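Each chain, written out:
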Amino acid sequence: MAPATPERVSVGIGLCVVMLAALPRFIVNDLETRQTLIGLAIVIVAVVMAINIKMLSTAARQRLPSLLKSLLLAMAAGLAVMALWHSLTSDWFSWQELISNGTTLGLLLHALNLWRKPLISE
């Protein structure tokens, strides 16, 4: 098993946020089975992330707040880009779709940024 890293924890927390952001879409469309499954997935990922946080060294834990700030900025950027995209390409869209798509884009941007950083420092 690979050691816990603050980067993995930040992506895992981002995954929980994305799953939480998808819930309103399932609630509006009365998709109870999907609500239940995603609820279980959120709990499982949150428990695994809590265990990973406990496994982090002190130095790694100190890096986590800056990574979470980066995640928050990436999600805000994802929401802004998706709001712009939907306003330009569609007549109507729901806030449920906006937060779901925006947080997903934000998590993707965050993960790509984490992946890019080691390549730059080499």
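So, here is what we can say about the structure in this document. Counting from 1, residues in each chain are numbered in the order their sequence is written. Thresholds applied to this predicted model are a pLDDT of at least 70 for local features of residues and 80 or more for the giving and counting of side-chain atom pairs; totals over whole chains, interfaces and linings are not thresholded and use all residues. Computation of side-chain values: all heavy atoms of the structure, hydrogens and water removed.

Observations concerning the overall build of the protein
Then, number 1: Here a helix means four or more residues in a row that DSSP labels H or I, a strand means two or more in a row labelled E, and each is numbered from the N terminus. For the protein, the helix and strand inventory stands at four helices and zero strands.
Then, number 2: With the principal axes as the frame, the protein shows a C-alpha extent of 50 × 35 × 20 Å.
Then, number 3: Expressed as a percentage of the 122 residues in the protein, the buried residues total 33%.
Then, number 4: A contact between two residues is defined here by any heavy atoms of the two lying within 4.5 Å. In the protein, once contacts between residues fewer than 6 apart in sequence are set aside, the share between residues at least 24 apart is 73%.
Then, number 5: Under the convention used here, a 1.4 Å probe and the Shrake-Rupley method define accessible areas, while residue burial counts only the protein chains that appear. Here the protein has roughly 7,900 Å² of accessible surface; of this, 70% comes from carbon and sulfur atoms.
Then, number 6: Looking at the protein, you have 9 positive and 6 negative side-chain charges, and the mean spots of the two groups are 16 Å apart. Accessible area is worked out with a 1.4 Å probe on protein chains only. A residue is then buried under 20% of its type maximum, exposed over 50%, and partly exposed in between. Positive charges come from Lys and Arg alone, negative charges from Asp and Glu alone, with His and the N- and C-terminal ends not counted. Taken as the charge location is NZ of Lys, CZ of Arg, CG of Asp or CD of Glu.

Section: the packing of helix 1 (residues 6-28) against helix 3 (residues 58-89)
Then, number 1: With axes taken as lines fitted to C-alpha atoms, and helix axes fitted only over the stretch in contact, angles between N-to-C directions fall between 0 and 180 degrees. Contact geometry for helix 1 and helix 3: axes closest at 9 Å, N-to-C directions at 40 degrees. If you check the angle between helix 1 and helix 3, you find them oblique. You can see that helix 1 and helix 3 cross each other, and the crossing is right-handed. Here helix 1 contributes Pro 6, Glu 7, Val 9, Ser 10, Ile 13, Gly 14, Val 17 and Val 18 to the contact with helix 3, which in turn contributes Ala 60, Arg 63, Leu 64, Leu 67, Leu 68, Leu 71 and Met 75.
Then, number 2: Each residue is assigned to one of three groups, with Ala, Val, Leu, Ile, Met, Phe, Trp, Tyr, Cys and Pro labelled nonpolar, Asp, Glu, Lys and Arg labelled charged, and all others, Gly among them, labelled polar. Along the lines of polarity and charge, the residues of the contact of helix 1 with helix 3 split into eleven nonpolar, two polar and two charged. For this classification, under 35 degrees means roughly parallel, over 145 means roughly antiparallel, 65 to 115 means roughly perpendicular, and everything else is oblique. Crossing handedness is defined as follows: a turn of the near helix away from the far one that is anticlockwise and smaller than a right angle gives a left-handed crossing, while the clockwise case is right-handed.

A few points about the nonpolar core
Then, number 1: Ranked by internal contacts, the top residues of the largest apolar core, which has 14 residues, are Val 9, Met 19, Ile 38, Val 45 and Leu 56.
Then, number 2: Looking at this core, the elements with two or more residues in it are helix 1, helix 2 (32-55) and helix 3.
Then, number 3: Sort the elements by how many residues they give to this core and helix 1 lands first, with six residues.
Then, number 4: Dropping the residues within four chain positions of it, Val 45 is found in contact with Gly 12, Leu 15, Cys 16 and Met 19. For the purposes of this section, nonpolar cores are sets of buried Ala, Val, Leu, Ile, Met, Phe, Trp, Tyr and Cys residues that join through side-chain atoms within 4.5 Å.

A few points about the side chain of Ser 100
Then, number 1: In this structure, Ser 100 sits in helix 4 (residues 95-121).
Then, number 2: N or O atoms within 3.5 Å of each other form a polar contact, as long as, within protein, one can give a hydrogen and the other can take it, and as long as residues adjacent in sequence are counted only when both atoms are side-chain atoms. A distance of 3.4 Å separates a polar atom in the side chain of Ser 100 from a polar atom in the side chain of Arg 25.
Then, number 3: Setting aside its immediate chain neighbours within four residues, Ser 100 contacts Ala 21, Ala 22 and Arg 25.

Examining a nonpolar patch on the surface
Then, number 1: Patches draw on residues past 30% relative accessible area with no salt bridge. Two like charges within 9 Å are joined, as are two nonpolar side chains (Val, Leu, Ile, Met, Phe, Trp, Tyr) within 5 Å. Any carboxyl oxygen of Asp or Glu within 4 Å of a side-chain nitrogen of Lys or Arg constitutes a salt bridge here. There is a patch of nonpolar side chains on the surface, built from Leu 37, Leu 40, Ile 44 and Val 48 and spanning about 380 Å² of accessible area.
Then, number 2: Following the sequence through the fold, Val 48 ends up in helix 2.

Description of unusual backbone geometry
For residues other than glycine, phi is negative in most cases, and the peptide bonds are mostly trans.
Then, number 1: A positive phi angle, close to 55 degrees, is found at Asp 30, a residue other than glycine.
Then, number 2: Mapped onto the elements of the fold, Asp 30 is located in the loop between helix 1 and helix 2.

Description of the side chain of Gln 96
Then, number 1: You can see Gln 96 is positioned in helix 4.
Then, number 2: When its relative accessible area of 10% is taken as the criterion, Gln 96 is described as buried.
Then, number 3: Here Ser 94 takes part through its side chain, which lies 3.2 Å from a polar atom of the side chain of Gln 96.

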